[in-house]
Amino acid sequence: MRNLTPVILQAGLKEALTEGGIVEALCVEDAKKVLNVWQGTWRIQLRLGDQTALLVISRGLEPREFKTVTGLISFAVELGLTTVPVPLKKGEKVTWTHDAAVEPIP
C-alpha cells in the first residue's frame, strides 16, 4: 500500500483509485438551483486504508473545488465512474469507488 501525503494531484488520485482507493466527494457549500444549473462547492478527498489526502490543484496547495454538479460529475466520469452520487447539503459526503457501478435497469 502506498503512503499518502495530506494532499494529492489528479494523476495520483486516478492511480490510487485503480489500486483500491476510495474517493469521497464532500459538499462544503449547500447546492442550489440557479436557472438550469445546480451550484454549490464540493471538494474531493482520497481514502486509502486509514490515510486520507485532499485533491489539490497543480499550481499550488489550494484545494480543487467544483462549483457545479455538472463539473463534479464530469470529473467523476474522467475517473472512470459510471454511477455518481452527489451530496447536496453542507457537511454531507458520498463515496465513489469503481465497484460502486450499478447495472442499468432495462
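Scope of this entry: the structure provided in the associated data block. As the structure is a computational prediction, the values presented were derived from the model and not from experiment. (Residues numbered from 1 in each chain as written. Predicted model: local features only at pLDDT ≥ 70, side-chain atom pairs only at ≥ 80, totals over all residues. Heavy atoms only, no water.)

1. As for the environment of A25
Working step 1: For A25, the location among the structural elements is in strand 2 (residues 22-34).
Working step 2: Given a relative accessible area of 0%, A25 falls into the buried group.
Working step 3: As a C-alpha pair, A25 and A76 span 51 residues in sequence and 9.6 Å in three-dimensional space.
Working step 4: Apart from residues lying up to four places away in sequence, A25 is in contact with R43, I44, P87, E92, K93, V94 and W96. (Helix = DSSP H or I, 4+ residues; strand = E, 2+ residues; numbered from the N terminus. Buried < 20%, exposed > 50% of the residue type's maximum accessible area, 1.4 Å probe, protein only. Contact = heavy atoms within 4.5 Å.)

2. Brief notes about the packing of aromatic side chains
Working step 1: Using the criterion set out here, one finds one aromatic pair in the structure.
Working step 2: An angle of 45° between the planes, with centres 4.9 Å apart, marks the rings of F66 and F75 as tilted.
Working step 3: Since its relative accessible area comes to 6%, F66 is described here as buried. (Phe/Tyr/Trp six-rings, centres within 6.5 Å; stacked < 30°, edge-to-face > 60°.)

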